[in-house]
Amino acid sequence: MGANKKEPKPEAISLAGKRTWKQDWHMNKWLYILAIPVFLYFFIFSYLPMFGLAIAFQDYKPQLGIFGSSWVGFQHFIDFFTGPNFLTILRNTLVISLLGLGVGFPLSIIYALMLNELHCKWFKKGVQTIHYLPYFVSMVVICGLIIEFCATNGLITNLLVNVFHMKRENLLQNPKYFWAINLVSDIWQGLGYGAIFFISAITAVSQELHEAAAIDGAGRLKRAWHITLPGIMPAIVTMLVLKCGMILQVGSDKILLLYNASIYETADVIATHVQRMGIEKMQYGYSAAVGLFNSVVGTILLILSNWASKKLTDNSIV
């Protein structure tokens with residue numbers, strides 16, 4: 001009986017597998033309906049505002065609007081690239097971002113690997129909770145603590161004076177200390193939260209490999225290096241590609257709360273420059289041009305880092 005049953009032709013299978021948009025709508029209409037709010041959200045808040053990019057090429061006046069303001073072409077971009085602060089702003093942005101990428105990112109991976117080696121559950125959960133808490137504290141409170149600790153008689157200043165015999169001064173008034181203060185505070189606030197992604201990736205690594213390696217005599221360090229780390233490499237590459245695309249996207253909220261005129265030399269970044277020129281000096285066209293430049297460069301870096309990752313490690317986002 002089974003031998004006499006005719007097999008369907010390949011052409012019939014391929015034709016049966018194709019559906020028209022009407023058939024697809026009838027089969028998945030509720031999924032499409034559920035997706036409508038998502039499409040509307042991105043259309044209203046992500047795509048419609050792109051019409052405002054025209055401001056970057058105008059001498060924009062709010063009272064005249066986009067259609068009434070005069071066009072200046074690429075003049076705002078030329079002013080930014082030839083401005084006296086361009087190299088300083090670009091340097092500060094790159095240094096602050098690369099410090100976070102080169103120091104904070106590996107520390108998150110190391111922290112996740114160390115947590116994975118803790119076998120006492122209550123102690124492990126306690127350590128995780130303690131390290132997560134700073135991330136959920138308001139940035140205003142965090143910056144207030146930093147300002148107090150770095151004051152002339154602050155906790156950190158007293159520690160540095162007594163241990164390293166440094167000159168007593170307000171650390172946030174000295175431009176050479178800002179990069180270190182920003183980096184240490186970023187690590188303190190975001191180390192635990194930044195490791196969540198890697199901790200979840202570690203749970204997907206096969207325990208049978210660890211057991212087999214342990215039987216062969218491999219210690220914890222060797223198992224972490226040869227099993228756990230390669231197992232979470234796709235997650236590491238994904239996060240690294242995303243962070244490379246945001247090299248110029250240094251947040252302005254923390255820096256705005258910490259910096260002052262005396263440390264503009266090392267604290268002023270692209271985001272704070274846009275805020276100062278756009279809101280304080282009301283140069284809307286200029287600030288839009290700088291923001292557009294920042295976004296375009298970030299997109300290019302994201303594409304290049306993803307391409308390089310795919311070529312070198314065979315892992316990528318898409």
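Residues numbered from 1 in each chain as written. Predicted model: local features only at pLDDT ≥ 70, side-chain atom pairs only at ≥ 80, totals over all residues. Heavy atoms only, no water.

What about helix 9 (residues 178-194)?
Put simply, the rule is: By definition, any uninterrupted DSSP run of H or I lasting at least four residues is a helix, any uninterrupted run of E lasting at least two residues is a strand, and each is numbered from the N terminus. A helix is expected to span 1.5 Å for every residue after the first. Given a residue, its bend is the angle between the two axes fitted to the seven residues that end at it and to the seven that start from it. When checking whether two residues touch, look at their non-hydrogen atoms; a contact exists if any pair is within 4.5 Å.
Between its first and last C-alpha atoms helix 9 spans 22 Å; for 17 residues at 1.5 Å apiece the expected length is 24 Å, and the two agree. Remark: the principal bend of helix 9, roughly 35°, maps to tryptophan 188. On its buried face, helix 9 is in contact with helix 5 (86-116), helix 6 (121-132), helix 7 (139-149), helix 10 (196-202), helix 14 (253-258) and helix 15 (264-267).

With respect to the packing of helix 12 (residues 220-231) against helix 13 (residues 233-244)
We apply this condition: The angle between two axes is taken between their N-to-C directions and runs from 0 to 180 degrees, where each axis is a line fitted to C-alpha atoms and a helix contributes only its stretch in contact. Should an angle lie under 35 degrees it is considered roughly parallel, over 145 roughly antiparallel, and from 65 to 115 roughly perpendicular; all remaining angles are considered oblique. Under the scheme applied, nonpolar residues are Ala, Val, Leu, Ile, Met, Phe, Trp, Tyr, Cys and Pro; charged residues are Asp, Glu, Lys and Arg; polar residues are all the others, including Gly.
Contact geometry for helix 12 and helix 13: axes closest at 4 Å, N-to-C directions at 55°. Judged by the inter-axis angle, helix 12 sits oblique to helix 13. Only Met233, Pro234 and Ile236 of helix 13 make contact with helix 12, whose side of the interface consists of Leu229, Pro230 and Gly231. In terms of residue class, the contact of helix 12 with helix 13 is built from 5 nonpolar, 1 polar and no charged.

Looking at the packing of helix 5 against helix 6
How two helices pack is summed up by the angle between their axes together with the distance between the axes. Axis separation between helix 5 and helix 6 bottoms out at 10 Å; the angle between their running directions is 155°. For the element pair helix 5 / helix 6, the angle class is roughly antiparallel. Facing helix 5, whose interface residues are Tyr111, Leu115 and Asn116, helix 6 presents Lys124, Val127, Gln128 and His131. Per-class residue counts for the contact of helix 5 with helix 6 are 3 nonpolar, 3 polar and 1 charged.

Quick word on the side chain of threonine 228
Mapped onto the elements of the fold, threonine 228 is located in helix 12. If we skip the residues at most four places from it in the chain, threonine 228 touches Leu113, Asn116, Ile202, Val205, His210 and Arg223.

Focus: the packing of aromatic side chains
Let me state the cut-off plainly: By convention, a stacked pair of Phe, Tyr or Trp rings (six-membered ring in the case of Trp) has centres within 6.5 Å and planes under 30 degrees apart, an edge-to-face pair has planes over 60 apart, and any other such pair is tilted. Burial classes follow relative accessibility: with a 1.4 Å probe on protein chains only, a residue under 20% of its type's maximum area counts as buried, one over 50% as exposed, and anything between as partly exposed.
Enumeration according to the criterion identifies 21 aromatic pairs in this entry. Here the aromatic rings of tyrosine 41 and phenylalanine 42 are separated by 5.4 Å at their centres, their planes lie at 85°, and the arrangement is edge-to-face. Judged by relative accessible area, which is 47%, tyrosine 41 ranks as partly exposed. Accessibility expressed as a relative area gives 42% for phenylalanine 42, which makes it partly exposed. With 5.0 Å between their ring centres and 50° between their planes, tyrosine 259 and tyrosine 264 make a pair best called tilted. We classify tyrosine 259 as buried; its relative accessible area is 12%.

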